[in-house]
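# What the coordinates show
Below, each chain spelled out in residue letters.
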Amino acid sequence: SRQNTLAQIGQMAAVVAHEVRNPLAGIAGAVQIIGRRLPDDSSEREIMDGILTRIDELNAKIEDLLSYSRPRPPQFQLVPVAEIVRELLEFLSADPTLDGIEVVTEVEEADIEADPALLRELLANVILNAGQALSGRGRISIRGRTRGDDYRVEIGDDGPGMSDEVRRRVLEPFYSTRHSGTGLGLAIADRIASAHGGRLRVSSTPGEGTAITVTVPRAHPQAD
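Below, the structure is looked at part by part. (Residues numbered from 1 in each chain as written. Predicted model: local features only at pLDDT ≥ 70, side-chain atom pairs only at ≥ 80, totals over all residues. Heavy atoms only, no water.)

For the rest of this paragraph, the subject is the pairing of strand β6 (residues 199-205). Of the two faces of β6, the one lined by L200, V202 and S204 is fully buried and the one lined by R199, R201, S203 and T205 carries no buried residue. Pairing analysis gives seven bridges linking β6 to strand β7 (residues 209-217), with the strands arranged antiparallel. Within β7, the position partnered with R201 by the bridge is T213. What sits between β6 and β7 in their antiparallel hairpin is a turn of three residues, with G207 showing a positive phi close to 85°. (Buried < 20%, exposed > 50% of the residue type's maximum accessible area, 1.4 Å probe, protein only. Helix = DSSP H or I, 4+ residues; strand = E, 2+ residues; numbered from the N terminus. Pairing = 2+ DSSP bridges.)

This is how it looks when you write it as structure tokens:
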């Protein structure tokens, strides 16, 4: 069953985190010590920086695996969505994935019951997925509005779009059309939306772009 599979992935992720992440931290520390001993103009500094970058990438993949396989339950509180989006975009402005990309927003001010950290992670994963599709050129639009008892955020891009097969599978864990990455970004976003009683919907037209709509209840579904 799906739950048994997720439990097995969670056990594997815990082993990976312990057996891989801890040694990686030791390697990173040793590389940093060696790097500090090098002269400022040493050509080997670039090699050291490259090693540290690869270690950071490996750690990010381990975190993705842990986040998907062993998600923490949401801690619900009243969250101002527009403010969360503004803060997130300010943080993501330093991410190279969004270099050269125009981001336009039209987000209605509203408070919803959600976990702010998980909501940020959900939106960041969808926004960065759009940025990766654009490969440094194009526009991302973020539109948020109240729809009855729900709040809906649509994140669209004017990139290459997806085939029907890719669109159908894009929320599956470990599915990716890129050579790098874990294929977990949108799967994690989908799990977070589900944990909030919401959902993700993907629409796409090849050659015209993709839109991912995040819909979550404005009130915690178990509240009363």
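Further notes follow.
Looking now at the pairing of strand β5 (residues 150-157). The side chains of a regular strand alternate between the sheet's two faces. Strand direction decides the pairing type here: strand β4 (residues 138-147) and β5, joined by eight bridges, are antiparallel. Within the sheet, the bridge partner assigned to S141 lies in β5 and is G156. The antiparallel pairing of β4 with β5 creates a hairpin that spans two residues between the two strands, and G148 there sits at a positive phi of about 65°. The sheet contact formed by β5 and β7 spans eight bridges and is antiparallel. Its bridge partner lying in β7, V153 is registered against V214.

Before going further, it helps to examine the side chain of T215. Here T215 is to be found in strand β7. The buried category is assigned to T215, whose relative accessible area is 4%. Beyond its immediate sequence surroundings of up to four residues, T215 is in contact with D150, Y151, R152, G198 and R199. (Contact = heavy atoms within 4.5 Å.)

Our next topic: the sheet that holds strand β2 (residues 101-107). Pairing is mixed across the open sheet formed by five strands, whose spatial order is β2-β4-β5-β7-β6. Two strands bound the open sheet, and with one partner strand each, they are β2 and β6. Between one strand and the next, the sheet's axes are offset by a mean angle of 15°, whatever the strand orientation. Examined bridge by bridge, β2 and β4 share seven bridges and lie parallel to one another. If you follow V103 over to β4, its bridge partner there is I140. (Axes fitted to C-alpha atoms, helices over the stretch in contact; angles between N-to-C directions.)

Another aspect to go through is the nonpolar core. Counting 57 residues, the largest nonpolar core has L122 and L123 as the members making the most contacts within it. For this core, the element with the most residues is helix α4 (residues 116-134), which contributes 10 residues. The contacts of L123, once residues within four sequence positions are left out, are I84, V85, L88, V153 and I155. (Core = buried A, V, L, I, M, F, W, Y, C linked by side-chain atoms within 4.5 Å.)

Let us now look at the packing of helix α2 (residues 44-69) against helix α6 (residues 185-195). At a minimum axis distance of 9 Å, the contact between α2 and α6 shows a crossing angle of 30°. By the angle class used here, α2 and α6 are roughly parallel. In the crossing of α2 with α6, the sense of the turn from one axis to the other is left-handed. On α6, the residues touching D64, S67, Y68 and S69 of α2 are A187, I188 and R191. (Parallel < 35°, antiparallel > 145°, perpendicular 65-115°, else oblique. Left-handed = near helix turned anticlockwise from the far one by under 90°.)

With 26 residues, α2 extends 38 Å from end C-alpha to end C-alpha; this agrees with the ideal 38 Å at 1.5 Å per step. Within α2, the full set of buried residues consists of M48, L52, I55, I62, L65, L66, Y68 and S69. (Expected span 1.5 Å × (residues − 1).)

Taken as a whole and judged by the stated rule, the model has one cavity of 30 Å³ or more. In terms of lining, the largest cavity is formed by V81, I112, L119, L123, Y151, V153, V214 and V216. Looking at the lining of the largest cavity, the elements with two or more residues in it are α4, β5 and β7. Its residues assigned to classes, the lining of the largest cavity comprises eight nonpolar, no polar and no charged. (1 Å grid on protein atoms, 1.4 Å probe; cavity = no way out; pocket = protein on both sides within 12 Å on 5 of 7 lines; lining within 4 Å. Points joined across faces, edges and corners; volume = space filled by probe spheres on them. Nonpolar A, V, L, I, M, F, W, Y, C, P; charged D, E, K, R; others polar.)

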